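# Reading the structure
These are the residues of each chain, in order.
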Amino acid sequence: MIVDLHNHTPLCNHAEGSMDEYIQNAINANTKYFGFADHAPMDFDPKYRMKFEEMQVYEDELLYTKEKYKNKIEILSGYEVDYLPGHMDERVLDAKVDYLIGSVHFLEGWGFDNPEFIGKWEEQNIDEIWQKYFDTIEAMAKSKLFDIVGHLDLIKVFKFMPNKDIPSMAKNALIEIKNAGMVLELNVSGYRKKVSEAYPSKALLEEAYMLNIPITFSSDAHKPNQVALFNDEIVQLAKDVGYKQCAYFKNRKMFFIDF
Ligand SMILES: [Zn+2]
Ligand SMILES: [Zn+2]
C-alpha cells in the first residue's frame, strides 16, 4: 500500500511486534506514508487499549521513529478513537497527531465485533442491529471530531447479514461522511475475518464514489506480518470502482497521492 494509516502497537494489549518490525515490512512493501493509529485510551473497555499515561510514550516513540526512518519512509501518527458518547476524552481529541480515525466498535456498550460477546447477536433482530450501527456512524460523522471513518461496515465481521438493502441502510451515514469532509478507509482486516472481504464492501464503496468521498488505505495490522497483506486486492477494488487517488494527513490536514 502506498499509504497505510491504520496500524497498531503492543500498547493496546492485543497487538504484537515492535514499531521497527511494522515499519520494516512497510518499507519492503514500498509504502510511502505509514501511520500508526493505536486504540486511544478511554474510561470504557480499558483492557483493549493504552492507558492515558501511555499517550506521551506512544507519541514520543512515534516522533523518534519518524526521525529515524525519515530517509526511507514517512511515519505518521494517529489514534483510532471509539465513537462512544460520554466516553470521548479531550486529551485524545486534542492530541498533537496527524489524524484521528473514528470507529464504532460498541452499540450501547455492546462490543459487537468481539468474539467474547458474539452470543448477543442471537438475541436481537439483525436488521435492527445493522441500522443502529449505521445510525451511529452517521452520528459520528455529524460530531465532526474525526478525519477518517474506520472500517465503515465492521458490523458484517461475523457475517450475520441483514435482509434489508445495505446501501439504503447506510445512505444517511454516507451523506454525513461527505458533509463532514471525512475520508473512508479501505481496510483489509475483513479479509482476515469470517466475512473475508474488505471494509467497506464494493457496493458501499460505489455509493461513496458517487458522493465524491475520498479514500485511504489501511492494513489495520495487529502483527508486523499483517502489514500490506491483501494490498493487491484492495488496490484493485479501489481502481474497479474508479478511484485514482488516496488521502493521507499531516497535522490534521488532508493531502492526496496517486496510487
Ligand atoms: Zn485492535
Ligand atoms: Zn477498529
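Whatever comes next refers back to the structure up there.
A few points on the structure. Per chain, residues are indexed from 1 in the order of the written sequence. Numbering of ligands from 1 and lettering of chains from A proceed in the order in which they are written. At least 70 in pLDDT is required for a residue's local features to be given in this predicted model, at least 80 for side-chain atom pairs to be given and counted, and no such filter applies to totals for whole chains, interfaces and linings, which use all residues. Heavy atoms from the whole structure form the basis of all side-chain values; hydrogens and water molecules are not counted.

## Considerations on the overall build of the chain
Note the cut-off: Elements are defined by DSSP. Helices are runs of H or I of four residues or more, strands are runs of E of two residues or more, and each kind is numbered from the N terminus. Radius of gyration here is computed from C-alpha atoms only, and the compact-globule reference equals 2.2 Å multiplied by the residue count raised to the power 0.38. Here the term buried applies to any residue with accessible area under 20% of the maximum for its type, exposed to any over 50%, and partly exposed to those in between, with areas from a 1.4 Å probe on protein chains only. Contacts: residue pairs with any heavy atoms within 4.5 Å of one another. Reported accessibility uses the Shrake-Rupley method at a 1.4 Å probe radius. Residues are deemed covered only where the shown protein chains occlude them.
In terms of helices and strands, the chain carries 7 helices and 11 strands. Computed over the C-alpha atoms, the radius of gyration of the chain is 17 Å, within 12% of the 18 Å expected from 2.2 N^0.38 for a compact globule of 259 residues. Along the longest, intermediate and shortest principal axes, the C-alpha atoms of the chain span 50 × 40 × 30 Å. Buried residues in the chain amount to 54% of all 259 residues. Across the chain, every contact between residues at least 6 apart in sequence was considered, and the portion connecting residues at least 24 apart equals 75%. Roughly 11,500 Å² of accessible area belongs to the chain as shown, and the carbon and sulfur atoms make up 48% of that amount.

## Focus: the coordination of the zinc ion (ligand 1)
Using the following cut-off: Coordination here is defined by N, O and S atoms within 2.8 Å of the metal (3.2 Å for Na, K and Ca), and since water is not considered, a site can look incomplete.
Of the protein atoms, only H14 (NE2), H39 (NE2) and H222 (NE2) coordinate the zinc ion (ligand 1), at distances of 2.0 to 2.1 Å. The sequence pattern formed by the donor residues of the zinc ion (ligand 1) is H-x24-H-x182-H. Classification of H14 by relative accessible area gives partly exposed; the value is 30%. According to the relative accessible area criterion, H39 is buried, its value standing at 7%.

## A look at empty space enclosed by the protein
Cut-off, in case you're wondering: A cavity here means a set of points on a 1 Å grid, drawn over the protein atoms and nothing else, where a 1.4 Å probe fits but cannot get out; a pocket is an open set with protein on both sides within 12 Å along at least five of seven lines, and a residue lines either one if it has an atom within 4 Å of a point. Grid points are joined across faces, edges and corners, and a volume is the space filled by probe spheres set on the points.
In the structure shown here, the tally under the stated rule is 1 cavity of 30 Å³ or more. Of the volumes computed, that of the largest cavity is approximately 50 Å³. Around the largest cavity, the lining residues are A40, P41, M42, R49, V81, D82, H87, M88, D89 and V92.

## Remarks on the coordination of the zinc ion (ligand 2)
Looking at the zinc ion (ligand 2), the protein donor atoms are E80 (OE), H105 (NE2) and H151 (NE2), and they sit 2.0 to 2.2 Å from it. When the donors of the zinc ion (ligand 2) are listed by position in the chain, the intervening gaps give E-x24-H-x45-H. If you look at the zinc ion (ligand 2) and the zinc ion (ligand 1), they sit 5.5 Å from each other. Note that E80 is positioned in strand β3 (residues 74-82) and H105 in the loop between β4 (99-103) and β5 (106-107), a separation of 25 residues in sequence.

## Focus on the pattern of salt bridges
For the record, the criterion: One speaks of a salt bridge when a side-chain nitrogen belonging to Lys or Arg is within 4 Å of a carboxyl oxygen belonging to Asp or Glu.
Taken as a whole and assessed by the stated rule, the structure comprises 13 salt bridges. One salt bridge connects D147 with R252, and the closest N-O pair in it is separated by 2.8 Å. Residue D147 is located in the loop between α4 (126-143) and β7 (148-149), and its partner R252 is located in the loop between β10 (245-250) and β11 (253-258); the two are separated by 105 residues in the primary sequence. Here R252 falls in the partly exposed class, since its relative accessible area comes to 31%. Among the salt bridges present, the one from D153 reaches K156, with a minimum N-O distance of 2.9 Å. Exposure remark for K156: the relative accessible area of 1% places this residue in the buried category.

## Examining the environment of F117
One can find F117 in the loop between β6 (110-111) and α4. Look at F117 and you get partly exposed, because its relative accessible area is 38%. F117 has contacts with W110 and G111, leaving out every residue within four places of it along the chain.

## Comments concerning the packing of aromatic side chains
We apply this condition: A pair of Phe, Tyr and Trp rings is counted when the ring centres sit within 6.5 Å of each other, with Trp represented by its six-membered ring. The angle between the planes then sorts it: under 30 degrees is stacked, over 60 is edge-to-face, the rest tilted.
One pass over the structure, following the stated rule, counts 16 aromatic pairs. Between Y191 and F230, the aromatic rings sit 4.7 Å apart at their centres with planes inclined by 15°, giving stacked as the arrangement. Here Y191 is found in the loop between β8 (183-187) and α6 (202-210), whereas its partner F230 is found in the loop between β9 (215-218) and α7 (231-241), with 39 residues between them in sequence. Owing to a relative accessible area of 22%, Y191 belongs among the partly exposed residues under this scheme.

## As for the packing of α4 against helix α5 (residues 166-179)
Note the cut-off: Lines fitted to C-alpha atoms define the axes here, with helix axes fitted over just the stretch in contact, and angles between the N-to-C directions of these axes take values from 0 to 180 degrees. Here is the rule for angles: anything less than 35 degrees is roughly parallel, anything more than 145 is roughly antiparallel, 65 through 115 is roughly perpendicular, and the remaining ranges are oblique. Three classes are used, and their members are as follows: Ala, Val, Leu, Ile, Met, Phe, Trp, Tyr, Cys and Pro are nonpolar, Asp, Glu, Lys and Arg are charged, and the others, Gly among them, are polar.
Contact geometry of α4 with α5 gives a least axis separation of 7 Å together with a crossing angle of 10°. When the axes of α4 and α5 are compared, the pair comes out roughly parallel. Of the residues in α5, those touching α4 at D127, W130, Q131, F134, I137, E138, A141 and K142 are I166, M169, A170, N172, A173, E176 and I177. Its residues placed into classes, the contact of α4 with α5 shows 9 nonpolar, 2 polar and 4 charged.

## Comments concerning the nonpolar core
For the record, the criterion: By nonpolar core is meant a set of buried Ala, Val, Leu, Ile, Met, Phe, Trp, Tyr and Cys residues that side-chain atoms within 4.5 Å join together.
Ranked by size, the top nonpolar core spans 89 residues in total, and within it Y79 and I177 carry the most contacts. Per-element tally for this core: the top contributor is α4, with 7 residues. Every residue in contact with I177, bar those within four places of it in the chain, is listed here: I137, A141, V149, L152, M182, L184 and I213.

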